[in-house]
Amino acid sequence: MTNRVQQSSRSAVTAESTVAPPSAGRVDAVDVSLKVGGRQILQELSLSVEPGELVAIAGGSGAGKSTLLEILAGLQPPSGGEVRHDGVVRGARVGADSRIGYVPQDDILHLEMPLRRTLRYAARLRLPAGTSTAEADRIVEDTMRDLDLADRAEVPVRALSGGQRKRAAIAVELLTRPHLFFLDEPTSGLDPSTAADVMRLLRRLSRRGVTVVLTTHEPAGIDRCDRVVFLARDGHLAFTGSPAEARSYFGVEDLAEVYDRLAREHTPQIWAQRFTAVSGTSAARSDVAPPPVRAPRADVTHAGPVRQWWLLTRRNVDVLLRNRLTLAVLLGSPVLVTAMMATLFQRGAFDPRGAADLGPAQIVFWIAFAGFFFGLTYGLLQIVGEMAVFRQERLAGLGVGAYVASKVTALLPVLAGVSALLLGVLRALGRIPAVGWEVSAVLFLTIVIEATSALALGLLASAAVSNAAQAALALPMLCFPQVLFGGAIVPVDEMALPGRLMSLGLSNRHAFEALGRDLDLDRYGATLPAMSAYGDTFHGGTGASLLALAAFAVVLTLATVWVLDRRSRPGASRR
């Protein structure tokens, strides 16, 4: 191996061992490793990134590039070793740190809104508390201008080109002016010209003093970096140095050949041992970085939970109004369900027509199920489609409770409106009997509370699944038990014990019973033999049923918060 590589590596070790105060933007990985289950994802290694450097992490599939990037950024806790930012030992971060920017491969923008509006919401959530609206807007305009996006400010994000969308994602993270910037495959899927534009942008950032670390598999991007870290399979450190030194070390003219050599020649362990021997350092030495220093006090405070809730609620409404497909589902499904119920049942359905008539119980049951269906369908796609956005904003200080509460707040008025529409149309068409205002109000309240509990169930399912296809599959799985064990098809008293116990936890049963009591279905038990099968189902008041529905809504909402908190913690699966 050339003396140049040896001298460069040894001088780097000398510089890194100096006990001088660390500069802003330095990253040190000391004896870092990661083991998941029984598999070693990342082998023990140490490396440092100097302030203002542009560094690429490269390697083939399964080399652990994204894993190392997340560990360096503080998104993934290592199994062993530690990561230091500016000499401060980093725990895996959950909350805000305006000094650190991270751009994943996924879209972290709402595609429906214009770019300027998207960035304004992001700025109000991320900038320090007390930042005026005018100042936040000025930062947004400056950021768009810096990234050559000013002429696309009113274009919906969905309509931006691939390179513009990537720059828009970078713009979100640059709003807080971080001095550490991590990007996962920022040029993936871009044509060579657009990829070069993105790399030139990152070079400009590094020249301004921002430390930039990225993963890539494209040799052209590596050549634009100050330094490259090559990982062999299973997270072995095979090389770190400049792109020119990498060519000399691997004996290649084209850096693309390095991938082939790492895959075909020797084992990952041998590559790691060779680099250790040549560089004169250990791949796992703990003295390559300055000693840790005390973490500085965090003086920056971000928007509180109430302001976050209000901003997110406004944004949710904005997104809903701009997404035509979602809006069509929100408004179209209640109209369709109401029309089907008006077609299915005849006028005067509550007037007995024979001893076997079950019309009153059937229509009440399907009214209850309609409320459940509205809430469930509204909630199912609310979170899974923007999980990447949520995770990113969680890193910027977003509270999980404020996020979930904003979903409920934005959709609750819609649920109230469609519930009123359902009852109003059915009453106007004579499908339900005339009742006083007090009874009408209780019917409306019952459906709204049930719809809210179903909305919470939909949000929980949306938070738990990995993609929209799984959310769609969850719809029938969550609906069938509500129908089968709701107490209308088979009265609760006639169910087997497991069925009776299951029905206690189903909102449709409690809504069915509450609506039946409000409409006095118990009076049919003496005149219609078929209705007598329901026994004491409709005896008593509705208070207990409404309390059960409200409890479901609260418990399911808290469960959604818990699931989202778990899924967004450092080291959680990013399915």
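Look a little higher up for the structure.
All values reported here derive from a predicted model rather than from experimental measurement.

Caption draft 1: Representation of the side chain of Ser-462. By the secondary structure assignment, Ser-462 is in helix H16 (residues 437–464). Exposure remark for Ser-462: the relative accessible area of 0% places this residue in the buried category. In terms of polar contacts, Ser-462 uses its side chain to reach the backbone carbonyl oxygen of Leu-380, at 2.8 Å. For Ser-462, the residues in contact, after removing those within four places along its chain, are Gly-379, Leu-380, Leu-381, Gln-382, Ile-383 and Val-384.

Caption draft 2: Highlighting the sheet that holds strand S6 (residues 100–103). Across the sheet, which stays open at both edges, the six strands sit in the order S6-S7-S8-S3-S9-S10 with mixed pairing between neighbours. Only two strands of the sheet have a single partner each, and these edge strands are S6 and strand S10 (236–241). Ignoring strand direction, the axes of neighbouring strands in this sheet form an average angle of 15°. When strand S3 (residues 54–59) meets strand S8 (residues 211–215), the two strands line up parallel, connected through four bridges. Within the sheet, the bridge partner assigned to Ala-56 lies in S8 and is Leu-214. Seen against the sheet, helix H10 (residues 268–279) touches strand S9 (227–232) and S10 and runs at an angle of roughly 40° to S10.

Caption draft 3: Spatial organisation of the environment of Leu-149. Of note, Leu-149 is situated in the loop between helix H4 (133–146) and helix H5 (162–174). When the C-alpha atoms of Leu-149 and Arg-165 are compared, they prove to be 9.7 Å apart, with 16 residues separating the residues in sequence. Contact partners of Leu-149, with chain neighbours within four places excluded, come to Leu-115, Met-144, Gln-164, Arg-167 and Ala-168.

Caption draft 4: Main features of helix H6 (residues 192–207). Between its terminal C-alpha atoms H6 stretches 22 Å, which fits the 22 Å expected from 16 residues at 1.5 Å a residue. Of the positions making up H6, those classed as buried are Thr-194, Ala-195, Ala-196, Val-198, Met-199, Leu-201, Leu-202, Arg-203, Leu-205 and Ser-206. Those residues of H6 hidden inside the fold are in contact with S3, H5, strand S7 (180–184), S8 and helix H7 (219–222). If you check the start of H6, you find a side-chain oxygen 3.1 Å away from the backbone N of Ser-193, and it comes from Asp-191.

Caption draft 5: View of the pairing of S7. Counted residue by residue, S7 has five buried out of five residues, so it is predominantly covered. In terms of strand pairing, S6 meets S7 through four bridges, oriented parallel. Within S7, the residue paired with Ile-100 across the bridge is Leu-180. Note that S7 and S8 share five bridges and pair parallel. Within the sheet, the bridge partner assigned to Asp-184 lies in S8 and is Thr-215. Crossover connection from S7 via H6 to parallel S8: handedness right-handed.

The rules behind the values
- Residues numbered from 1 in each chain as written.
- Predicted model: local features only at pLDDT ≥ 70, side-chain atom pairs only at ≥ 80, totals over all residues.
- Heavy atoms only, no water.
- Helix = DSSP H or I, 4+ residues; strand = E, 2+ residues; numbered from the N terminus.
- Buried < 20%, exposed > 50% of the residue type's maximum accessible area, 1.4 Å probe, protein only.
- Polar contact = N/O pair within 3.5 Å; in protein donor to acceptor, adjacent residues only side chain to side chain.
- Contact = heavy atoms within 4.5 Å.
- Pairing = 2+ DSSP bridges.
- Axes fitted to C-alpha atoms, helices over the stretch in contact; angles between N-to-C directions.
- Expected span 1.5 Å × (residues − 1).
- Right-handed = clockwise from strand over helix to strand, strands pointing away.

Keep in mind that these numbers describe shape and distance, not what the molecule does.
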